[in-house]
Amino acid sequence: MASYIRRRKFLATLLGGAAVAWPLGARAQQPTRIAKIGHLKSGWPSSSPNLVAAFRQGLRGLGYIEGQNLFIERRYAEGREERLPQLARELVEYGVE
């Protein structure tokens, strides 16, 4: 009889511990959310590499690293400013934040 009670206590402790640990394990397995931001520019991709580098550095300082938890969707009007509204719509449709 004593072994039956010990076995019941053991199983109750085991199941109770599993019930507590299960939500933690499920949370740990969730994928990291990837932020999607849009970059819209009236010029060309190569026109201001220093500004792009500074932008990336600022994002890294906030904990965002492109390719890990950040995706930047870029659109360039390449000197044709009349294209900006369409490019902005594309970014909105893409779902950037």
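Residues numbered from 1 in each chain as written. Predicted model: local features only at pLDDT ≥ 70, side-chain atom pairs only at ≥ 80, totals over all residues. Heavy atoms only, no water.

**Q** Hey, could you go over the pattern of salt bridges for me, with residue numbers and the actual values?
**A** Under the definition given, this model contains six salt bridges. A salt bridge links Glu-90 to Arg-75; its shortest N-O distance comes to 2.6 Å. One end of the pair, Glu-90, is in helix 3 (residues 84–94); the other, Arg-75, is in strand 2 (residues 70–76), with 15 residues separating them in the sequence. Linked through salt bridges whose partners overlap, the residues forming this network are Arg-56, Glu-66 and Arg-74. (Salt bridge = Lys/Arg side-chain N within 4 Å of Asp/Glu carboxyl O. Helix = DSSP H or I, 4+ residues; strand = E, 2+ residues; numbered from the N terminus.)

**Q** I'd like a rundown of the side chain of Asn-69, residues and numbers included.
**A** Within the secondary structure, Asn-69 is located in the loop between helix 2 (49–61) and strand 2. For Asn-69, the side chain forms a polar contact with the main-chain nitrogen of Ile-65, separated by 2.7 Å. Excluding its chain neighbours within four sequence positions, the residues that come into contact with Asn-69 are Thr-32, Arg-33, Ile-34, Ala-35, Gly-63 and Tyr-64. (Polar contact = N/O pair within 3.5 Å; in protein donor to acceptor, adjacent residues only side chain to side chain. Contact = heavy atoms within 4.5 Å.)

**Q** Go over unusual backbone geometry with me, naming the residues and quoting the values.
**A** In this structure, Glu-78 is a non-glycine residue whose phi angle is positive, near 50 degrees. Structurally, Glu-78 is set in the loop between strand 2 and helix 3. On the basis of relative accessibility, which here comes to 38%, the residue Glu-78 falls in the partly exposed class. (Buried < 20%, exposed > 50% of the residue type's maximum accessible area, 1.4 Å probe, protein only.)

**Q** Would you mind going over the packing of aromatic side chains in detail, with residue names and values included?
**A** Think of a pair of aromatic rings as described by two things: how far the centres are apart, and how the planes are tilted against each other in angle. One pass over the full model with this rule turns up one aromatic pair. Arranged with centres 6.2 Å apart and planes meeting at 40 degrees, the rings of Phe-71 and Tyr-94 form a pair that is tilted. Here the residue Phe-71 occupies a position in strand 2, and Tyr-94 occupies one in helix 3, the gap between them amounting to 23 residues. The exposure class of Phe-71 is partly exposed, given its relative accessible area of 35%. Positioned above the aromatic ring of Tyr-94 is the side chain of Lys-36, whose terminal nitrogen or guanidinium carbon lies 4.4 Å from the ring centre. (Phe/Tyr/Trp six-rings, centres within 6.5 Å; stacked < 30°, edge-to-face > 60°. Lys NZ or Arg CZ within 6 Å of the ring centre and 35° of its normal.)

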